[in-house]
Amino acid sequence: MTARPSRRGSALREHVAAVPLIDHHVHGCWLDPVGRSRFENALNEANTEPLAAFDSAFDTQLGFAVRAHCAPTLGLARHADADAYWAKRCSIPEDLLAHRFLAGAQVSDWLIDTGFACGVADLEEFAGLGAGRVHEVVRLETVAEQAAAASGDYADAFDDLLWRQARTAVGVKSILAYRGGFVGDLSEPSAAEVADAAARWRDAGGDRLTDRVLLRFGLHRALRLGKPLQFHVGFGDRDCDLDTANPLHLLDFLRVSGDTPVMLLHCYPYEREAGYLAQAFNNVYLDGGLSVNYLGVRAEAFIGRLLEMAPFRKILYSSDGFGPPELHFLGSRLWRNGIGRVVQRFVDADEWSEADGIRVIDLIAHRNARRVYRLD
Amino acid sequence: MTARPSRRGSALREHVAAVPLIDHHVHGCWLDPVGRSRFENALNEANTEPLAAFDSAFDTQLGFAVRAHCAPTLGLARHADADAYWAKRCSIPEDLLAHRFLAGAQVSDWLIDTGFACGVADLEEFAGLGAGRVHEVVRLETVAEQAAAASGDYADAFDDLLWRQARTAVGVKSILAYRGGFVGDLSEPSAAEVADAAARWRDAGGDRLTDRVLLRFGLHRALRLGKPLQFHVGFGDRDCDLDTANPLHLLDFLRVSGDTPVMLLHCYPYEREAGYLAQAFNNVYLDGGLSVNYLGVRAEAFIGRLLEMAPFRKILYSSDGFGPPELHFLGSRLWRNGIGRVVQRFVDADEWSEADGIRVIDLIAHRNARRVYRLD
Amino acid sequence: MTARPSRRGSALREHVAAVPLIDHHVHGCWLDPVGRSRFENALNEANTEPLAAFDSAFDTQLGFAVRAHCAPTLGLARHADADAYWAKRCSIPEDLLAHRFLAGAQVSDWLIDTGFACGVADLEEFAGLGAGRVHEVVRLETVAEQAAAASGDYADAFDDLLWRQARTAVGVKSILAYRGGFVGDLSEPSAAEVADAAARWRDAGGDRLTDRVLLRFGLHRALRLGKPLQFHVGFGDRDCDLDTANPLHLLDFLRVSGDTPVMLLHCYPYEREAGYLAQAFNNVYLDGGLSVNYLGVRAEAFIGRLLEMAPFRKILYSSDGFGPPELHFLGSRLWRNGIGRVVQRFVDADEWSEADGIRVIDLIAHRNARRVYRLD
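What you are looking at is a predicted structure, and each value in this text was computed from that prediction instead of being measured.

**Some remarks on the sheet that holds strand 2 (residues 107-113) of chain A**
All names here are of chain A. One open sheet accounts for eight strands, arranged 1-2-3-4-5-6-7-8; its pairing is parallel. In this open sheet, the two edge strands, each paired with only one partner strand, are strand 1 (21-26) and strand 8 (315-316). Summarising the sheet, strand 4 (residues 169-174) and strand 5 (residues 229-233) pair through three bridges and their orientation is parallel. Paired with Lys173 across the two strands is Gln230, which belongs to strand 5. Along the sheet, helix 7 (residues 140-149) contacts strand 3 (133-139), strand 4 and strand 5; its crossing angle with strand 3, the most-contacted strand, is approximately 60 degrees. Strands strand 3 and strand 4 of the sheet are contacted by helix 8 (residues 154-167), whose axis makes an angle of about 135 degrees with strand 4.

**Concerning the interface of chain C and chain B**
Interfaces are often described in size by the accessible area the parts lose on coming together. In this complex, chain C contributes 44 residues to the contact, which on the side of chain B involves 35 residues. Among the residues of chain C in contact with chain B, Phe54, Asp59 and Arg238 of chain C are the three that bury the most area, contributing 19% of the side total. Linking chain C with chain B are nine salt bridges. Here Glu308 of chain B makes a salt bridge to Arg298 of chain C, at a shortest N to O gap of 2.9 Å. One can count 27 residue pairs in polar contact (both at pLDDT 80 or more) joining chain C with chain B. If you list the elements that add at least two residues to the side of chain C that touches chain B, you get helix 3 (61-70), helix 13 (289-295), helix 14 (299-306) and helix 15 (325-348) of chain C. A total of five residues in the side of chain C that touches chain B trace back to one element, the largest contributor, which is helix 3 of chain C. Looking at the side of chain C that touches chain B residue by residue, the class counts come to 16 nonpolar, eleven polar and 17 charged.

**Observations regarding the nonpolar core**
The biggest cluster of nonpolar side chains holds 393 residues, and the ones touching the most others in it are Tyr154 of chain A together with Tyr154 of chain C. Residues in contact with Tyr154 of chain A, not counting those within four places in the same chain, are Ala144, Ala147, Ala148, Val194, Ala198, Trp201, Arg202, Leu214 and Phe217 of chain A.

**Let's talk about the interface of chain A and chain B**
Of the residues lining the interface, 35 residues belong to chain A; the matching set on chain B comes to 44 residues. Between chain A and chain B the total buried area reaches about 3600 Å² when both faces are included, carbon and sulfur atoms providing 49% of it. Seen at the junction of chain A and chain B, the total is nine salt bridges. Here chain A and chain B share 27 residue pairs in polar contact (both at pLDDT 80 or more) between them. Those elements giving two or more residues to the side of chain A that touches chain B turn out to be helix 11 (251-255), helix 12 (271-280), helix 14 (299-306) and helix 16 (354-372) of chain A.

**Considerations on the UniProt feature "domain: Amidohydrolase-related" (unreviewed entry) in chain A**
When the UniProt feature table is mapped onto this chain numbering, "domain: Amidohydrolase-related" (unreviewed entry) sits at residues 203-375 of chain A. Strand forms 9% of residues 203-375 of chain A and helix 51%; the C-alpha atoms that close the span are 41 Å apart.

Scoring rules and cut-offs
- Residues numbered from 1 in each chain as written.
- Chains lettered and ligands numbered in written order.
- Predicted model: local features only at pLDDT ≥ 70, side-chain atom pairs only at ≥ 80, totals over all residues.
- Heavy atoms only, no water.
- Pairing = 2+ DSSP bridges.
- Helix = DSSP H or I, 4+ residues; strand = E, 2+ residues; numbered from the N terminus.
- Contact = heavy atoms within 4.5 Å.
- Axes fitted to C-alpha atoms, helices over the stretch in contact; angles between N-to-C directions.
- Buried area = accessible area lost by both parts, 1.4 Å probe.
- Salt bridge = Lys/Arg side-chain N within 4 Å of Asp/Glu carboxyl O.
- Polar contact = N/O pair within 3.5 Å; in protein donor to acceptor, adjacent residues only side chain to side chain.
- Nonpolar A, V, L, I, M, F, W, Y, C, P; charged D, E, K, R; others polar.
- Core = buried A, V, L, I, M, F, W, Y, C linked by side-chain atoms within 4.5 Å.
- Buried < 20%, exposed > 50% of the residue type's maximum accessible area, 1.4 Å probe, protein only.
- UniProt positions renumbered as here; feature names shortened; annotations may be inferred.

Right, dumping it as structure tokens:
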């Protein structure tokens, strides 16, 4: 659009800076100090090996965004260099960092995926940081692994564990993307197929679930539960074949998913495909999650693409923060800056009214999540 | 590019606002009043079910664009709210709405796909609205279904029907995307295969064509006809598997398609792939069709991507309007605004001359369509 | 971002205009005069047939960029029309054109793929143009075809040829994208499989290599060599199935590729997927290569997307120029303009410091290439 810079933009800018967020998919943050290489590796999502000696996670969009937006929270100048940032960070206790960054995110509700929580705050510890209400999201594959370890009928054990854990949870999550991806049959298996597959898996030791029958079983049990079902989609680490994490491969599953809300998380580089699905199915939602942090200054262009085919009542906010509390803060900051600039340009071009812009920001910031997760 | 705002832009802006368009792929508009839920559903392309109670098609990019650009045509202020828009719309007879919106589109020639025309103006009624010349585009799958219902040899019946209907038509259209998609063998079947498949289909009742042999037969008959052959590509409703509507799956077919112009319609989110094909094959063309309306203010970014790999003599305009005449108008308005802003920025950055910008707009607006459909 | 135009941008702008480049993937340029149709076809990458009579390669983004940026090098006004450009070009000897355009590129080192060199300057001739140092990149499939023509054991002949040629080369290149694409098994074949496949190929005449076993063999030999291994990725001519040239299909290969640098070239429209791979693997790099020239003014948006998931120490510059020396020059000019504008906007928005912007430009312009190809 024509850049028609407008003083009228200030109400929108003020609104987006202050609006409370619901972070509908996030993990715990560190509470104990870490070394620099672990910190830098935590700023690389895709690589599963230690970073190469010639490389630095500070020389990425995420690293630049940390230096631009997190440095001031530590009392440093914007764009402080990597060594200065690291030195200053080391001088502050990790729990104090967590406290400061979480508070800075201005998040009213954190929906925490407890399926992978190694080395990070658990629900109680997270709540203790006083940065907002805490809700649980139960990971299906973890429930399955618990059911494999339990005695008796697998399906019964799974159901029992799922219903018990989900009673106090607001939703469930699947990492099918990391367990073979979305390609192939995702229909509901028969009871006999489940019993056979469970027996084979238990015989084989019952660790990391990759059996397709049991993965499908878990998804369909989650559909019956009726609480929002989150899927990791797209961008993640290289254990996942990115092309099998394209949400279009979920089409047949979505066609039988009924009314249970299905949340497509992260989505890069398939955010346009995800937006299409959110238009195509009444029960499909999407967010930009993890991708926003990793894109840094480029998150703005990505957020623009999220505002394409998806109805505005179907888009949510999340940070997917895990580990460094910088991520819990930065997700919020980059989302606010990005959507603020995108929508301001829509308003400056007189394609949207400012009131509509503010309303859409509220929908994505918290209203949609409050409705779909029934947080009131 | 650097935003170097330029007063010199006015000639281009005036030109793009007034240039007559050829809408090379469009359907009929409503002539009779509809209820609000039907109207809102007509603003959602992908969903095949009624919209959820919590949702509104007004809260989408298309809905916002209707309120921004169509409201003034009804005598309302820009950004009038949804209820006000609906109330005002109800106070005006549907045929008057059609007349007003179609005239506002400034389209000289409408190329109308008559394959699906339930509840909308037919060719004669459309022509009667006095908003431009009307031409027919014949849908191959409809011809096939007529041939199945006819007596005698299927291939002969198909040929007879196709040649008869195509005599007065300017092109043909395939919705293969909705009948199994582009993946797989698209070579020409033998006469024996066609006869066998037709017999099976007729025995099974001969309704909705999904048989691959007969779909392939239709395509190759269309190639021999030599008139432009349109393909629905990408974005559509969820009956189509979007990933099988990626035009790259047409590669082998295009390699044997000879000189018959092949028009890739809509293309989202595969517009860059379609642009590549338009560079790779002398007979391949593309447009943004349907996608422009659904992207609203984001159509500008999409139109920018259409201007990448495709030669400028291979890009066309269409609205794909169907039902609400708002769509026939809005396609034109959003395309004019979008391409005007995109090209103006090229000119402001001194990467294109203004004269070239105007010339490219003319090519896409009408010159390419006039040449390839032989409209003179 | 908000366009906050800043006078402070001048240091960055001056830097990007003058920084010397390493063109890490390029071919020879013409030294002898050509006719206009050959010239125009050389401005179309994807089409393998003569351009249609109604078309002109000047009416493309590349054609417009030639007229905008190359015309002044010939002493013409910016945006000189196609006929004027052609007439002027014909008045200057081709070797003088080469000299002038290559010098204008401000490239310190040219890494030349000698695998396809029909009608263009060889290494010695290129060096003789005095426009920078020249290094060789050996094409694996050419080595294979030489090995097929040699006598004795195929694997021994291949190894001998590869090690001999690679001794003075800085890297190797694979055009697997054009020889069946990336889909399918890319593991290392056994010695017996190689011997069988080589025997079959030699019996069949031993020309153009398409045998998957031997293609895989060549890749794994290249991995052992340890010098950077370049892959043609994405956009190219239509002999390649573009969807099988998506770098995500290389995932299994990359998982076993060890420390050997793997360079993903061109990448359009898969540059975001390529950037993900560069984050996921310590040994994966990418560039925009060929795509930059073909996108013309739209290269800026593409260069922005290259600056997403890929760490900044993993992005390189190349032109992929072949034939008209305009391409060797224009790649440089469009890259400088594009990255300059992209990074300037990051700086103007205060998301990057200007010093960081200059540093990232240096990394991509030459520092990364110098490190990975060990050019010192």
